[in-house]
Amino acid sequence: MTGESGDGWAEGPGGVRYWGRYGAAGLLIVDPDGSVLLQHRAAWSHFGGTWGIPGGARHRDESALDAAVREATEETGMPAGIVSARFESVLDLGFWSYTTVVADAVVRFEPHLADRESIALRWTPIPAVDELPLHPRFAEAWPALRSRLMGRSAR
């Protein structure tokens with residue numbers, strides 16, 4: 001583990017809470033065919049029953065990339081060394097931040113439920129993502145992420 005565990009809530013103005021004492025990060029993995037790996041969140045989790053990306057709390061002094069890859073590996077069984085970071089998108093609330101790391105998978109791997117945080121994992125074509133009930137923060141970020149992804153695939 002890199003640094004002290006960040007598991008726990010960060011509390012902001014008015015008592016709003018976000019998971020990850022040192023912020024959080026997630027990995028939006030794009031396979032060679034242009035599908036993205038989505039996670040159907042367990043009912044007990046924050047915004048359970050929605051679709052998002054593998055991710056979670058950053059440890060103290062852990063980079064967003066390292067945290068996103070660690071969390072995706074823990075949650076999906078992703079093999080080591082198969083992703084290459086493309087870009088990052090950051091939501092910074094001042095007291096807490098979430099970084100979405102977008103990465104290309106060298107090969108498409110078969111994800112498996114590696115922990116209890118997910119009820120399903122699936123590769124989803126980019127146009128089909130909008131049809132799913134998305135985690136509210138992912139839903140807010142998705143249009144800009146989709147635009148950047150589609151811009152690259154159009155070349």
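Here is what the cut-offs are and how they apply
- Counting restarts for each chain, with residues numbered from 1 along the sequence as it is written.
- Owing to the predicted nature of the model, reporting of local features is limited to residues with pLDDT of at least 70; listing and counting of side-chain atom pairs is limited to 80 or more, with chain, interface and lining totals taken over all residues.
- Each side-chain value is derived from all of the structure's non-hydrogen atoms; neither hydrogens nor water enter the calculation.
- We count a stretch as a helix when DSSP gives it H or I for four or more residues in a row; a strand needs E for two or more, and each element gets its number in order from the N terminus.
- We take the radius of gyration over the C-alpha atoms and set the globule estimate at 2.2 Å times the residue count to the 0.38 power.
- For each residue, the accessible area found with a 1.4 Å probe, counting protein chains only, is set against the maximum for its type, and the residue is called buried under 20%, exposed over 50%, and partly exposed in between.
- Every residue pair with non-hydrogen atoms within 4.5 Å of one another is taken to be in contact.
- Here the Shrake-Rupley method, with its probe set to 1.4 Å, supplies the accessible areas, and only the displayed protein chains count as covering residues.
- By the counting rule applied here, Lys and Arg register as positive and Asp and Glu as negative, while His and the ends of each chain are not counted.
- Charge positions come from single atoms, namely NZ of Lys, CZ of Arg, CG of Asp or CD of Glu.
- Nitrogen and oxygen atoms within 3.5 Å of one another constitute a polar contact, given that in protein one can donate a hydrogen and the other can accept it, and given that sequence-neighbouring residues count only through two side-chain atoms.
- Lining residues are those with an atom within 4 Å of a point, where the points come from a 1 Å grid over the protein atoms alone and group into cavities, where a 1.4 Å probe fits but cannot get out, or pockets, open sets with protein on both sides within 12 Å along at least five of seven lines.
- Grid points are joined across faces, edges and corners, and a volume is the space filled by probe spheres set on the points.
- Amino acids outside the nonpolar list (Ala, Val, Leu, Ile, Met, Phe, Trp, Tyr, Cys, Pro) and the charged list (Asp, Glu, Lys, Arg) are all regarded as polar, and Gly is one of them.
- Two rings belonging to Phe, Tyr or Trp (six-membered ring only in the last case) form a pair when the distance between their centres is within 6.5 Å. Interplanar angles under 30 degrees mark stacking, angles over 60 mark edge-to-face geometry, and anything in between is tilted.
- Note on geometry: a ring has a charge over it if NZ (lysine) or CZ (arginine) is within 6 Å of the ring centre and within 35 degrees of the ring normal.
- Values of pLDDT, the confidence the predictor places in each residue, fall between 0 and 100.
- Two strands qualify as a pair provided that DSSP identifies no fewer than 2 bridges between them.

Caption draft 1: Looking closely at the overall build of the chain. Across its full length, the chain holds 2 helices and 9 strands. Each helix (α) and strand (β) of the chain, taken in turn from the N terminus, gives the series β-β-β-β-β-β-α-β-β-β-α. The C-alpha radius of gyration of the chain comes to 15 Å, within 12% of the 15 Å expected for a compact globule of 155 residues. For the chain, the spread of C-alpha atoms along the principal axes amounts to about 45 × 30 × 30 Å. Among the 155 residues that make up the chain, the fraction classed as buried is 45%. Taking the contacts inside the chain whose residues are at least 6 apart along the sequence as the reference set, 63% of them involve residues at least 24 apart. Counting only carbon and sulfur atoms, one obtains 52% of the accessible surface of the chain, whose full area is about 7800 Å². The average position of the 15 basic charges and that of the 20 acidic charges among the side chains of the chain differ by 4 Å.

Caption draft 2: Examining the side chain of S118 more closely. Tracing the backbone shows S118 in strand β9 (residues 118–125). Exposure remark for S118: the relative accessible area of 6% places this residue in the buried category. Within the structure, the side chain of S118 is placed 2.8 Å from the side chain of Q39, a separation counted as a polar contact. In this view, S118 contacts Q39, H40, A42, E75 and L113; residues no more than four positions away in its chain are not counted.

Caption draft 3: Spatial organisation of the layout of surface pockets. Estimated volume of the largest pocket: approximately 840 Å³. What lines the largest pocket is a set of 32 residues, and nearest its centre among them are W19, A24, R41, Y98 and H135. Counting residues per element, the ones that place at least two in the lining of the largest pocket are β2 (17–19), β4 (35–41), β6 (55–57), α1 (64–76), β7 (83–92), β8 (97–105) and α2 (136–153). The element that contributes the greatest number of residues to the lining of the largest pocket is α2, accounting for 4 residues. Class assignment of the residues belonging to the lining of the largest pocket gives a composition of 14 nonpolar, 9 polar and 9 charged.

Caption draft 4: Focus on the packing of aromatic side chains. Considering all chains together, one arrives at 6 aromatic pairs under this definition. Arranged with centres 5.2 Å apart and planes meeting at 80°, the rings of W9 and W19 form a pair that is edge-to-face. Separated by 10 residues along the polypeptide, W9 in strand β1 (residues 9–11) and W19 in strand β2 bring together distant segments of the chain. Classification of W9 as partly exposed rests on a relative accessible area of 35%. Put simply, the rings of Y18, F95, W96 and Y98 pair up and form one aromatic cluster. In this structure, R17 is placed above the aromatic ring of W9, and the distance from its NZ or CZ to the ring centre is 4.2 Å. The ring of F87 is capped by R148, whose NZ or CZ atom sits 3.7 Å from the centre of that ring.

Caption draft 5: Highlighting the confidence of the model for the chain. With 96% of its residues at a pLDDT of 70 or more, the chain shows a mean pLDDT of 93. Mean pLDDT across the elements of the chain bottoms out in α2 (89) and peaks in strand β3 (residues 24–30) (98).

Caption draft 6: Main features of the pairing of β3. Within β3, 7 of the 7 residues are buried, leaving the element largely enclosed by the surrounding structure. Every second residue of β3 is oriented toward a common face, with A24, G26, L28 and V30 on one face and A25, L27 and I29 on the other, all of them buried. Where β3 and β6 come together, 3 bridges link them in antiparallel fashion. Bridge pairing in β6 places G26 opposite G55. When β3 meets β8, the two strands line up parallel, connected through 7 bridges. Looking across to β8, one finds that A25 is bridged to T99.

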